[in-house]
Amino acid sequence: MRNKFLIPAILITVFALSRIPGLMPGNFSVASAFAFCAGVYFPKRFVWWLPLSVVLATDIGLNFYYQHKGYTVWAPPDLANLFFNYVAYAVLIFLGTRFKPQSSLGKLTGGGLLGAILFYLITNTASWLFNPFHDPEYTKNLAGWIIALTKGTGGYPSTWEFFRNTLMSGGLFTALFAAGAKLTAESP
């Protein structure tokens, strides 16, 4: 019974702390693992609203922080792009609900990796569609979409680096969360 709330509390705390700007390397995030593991481990009555509320609260805080730093964060293309992050989180939560906490560590880590891939595809497709950086290379055709998935916006790390870091962090944090849950699981 205690793990029913302990694991969600740990996941929320690690996720919220990981969002402190500059704490993690660029595009190395707990986000996709958090959403996936919320689907696996959160009690059914909390599985949707709690993780999405935590993400929303931290996003609002981050938007105010970045607005203070001089970035545009509240413009319609930025908010539309952000909305698709929530679509990606919802997809990952749903994916997590397809797994059981008793699934093997390998299966859970594989689910976390699949979630990271889906997160990358959804969020980079949204960046291509809404083009919040006003990148002229993000033409609304197949070539522009491929550029959004591979090269990205000039002056920033390539989206391949984003994908690599998303995949590594998604796999790593899912494995850590799942291993922690298994180590603290109550014996039947």
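As a starting point, this report considers the structure included with it.

Parameters at a glance
- Residues numbered from 1 in each chain as written.
- Predicted model: local features only at pLDDT ≥ 70, side-chain atom pairs only at ≥ 80, totals over all residues.
- Heavy atoms only, no water.
- Helix = DSSP H or I, 4+ residues; strand = E, 2+ residues; numbered from the N terminus.
- Buried < 20%, exposed > 50% of the residue type's maximum accessible area, 1.4 Å probe, protein only.
- Phe/Tyr/Trp six-rings, centres within 6.5 Å; stacked < 30°, edge-to-face > 60°.
- Patch = residues over 30% accessible without salt bridge, like charges linked within 9 Å, V, L, I, M, F, W, Y side chains within 5 Å.
- Areas by Shrake-Rupley, 256 points an atom, 1.4 Å probe, with all protein chains shown as cover.
- Salt bridge = Lys/Arg side-chain N within 4 Å of Asp/Glu carboxyl O.

### Quick notes on the side chain of Ser103
Okay, step 1: Inspection of the secondary structure assignment puts Ser103 in the loop between α4 (76-97) and α5 (105-130).
Okay, step 2: Taking relative accessible area as the criterion, Ser103 reaches 16% and is therefore assigned buried.

### Digging into the packing of aromatic side chains
Okay, step 1: In total, this model carries 16 aromatic pairs according to the counting rule given.
Okay, step 2: Geometrically, the ring pair formed by Phe173 and Phe177 is tilted, given 6.4 Å between the ring centres and 35 degrees between the ring planes. With Phe173 and Phe177 both in helix α7 (residues 159-184) and 4 residues apart, this pair spans about one turn of that helix.
Okay, step 3: The buried category is assigned to Phe173, whose relative accessible area is 12%.
Okay, step 4: Look at Phe177 and you get buried, because its relative accessible area is 9%.
Okay, step 5: Each member of the aromatic cluster is reached from another via a ring pair, and the members are Tyr120, Trp160, Phe162 and Phe163.

### Side note on a nonpolar patch on the surface
Okay, step 1: The grouping of Leu56, Ile60, Phe64, Trp74 and Leu79 at the surface amounts to a nonpolar patch, some 440 Å² of accessible area in total.
Okay, step 2: If you tally residues by element for the nonpolar patch, the top one is helix α3 (residues 49-68), at 3 residues.

Taken by themselves, the reported measurements are silent on function.
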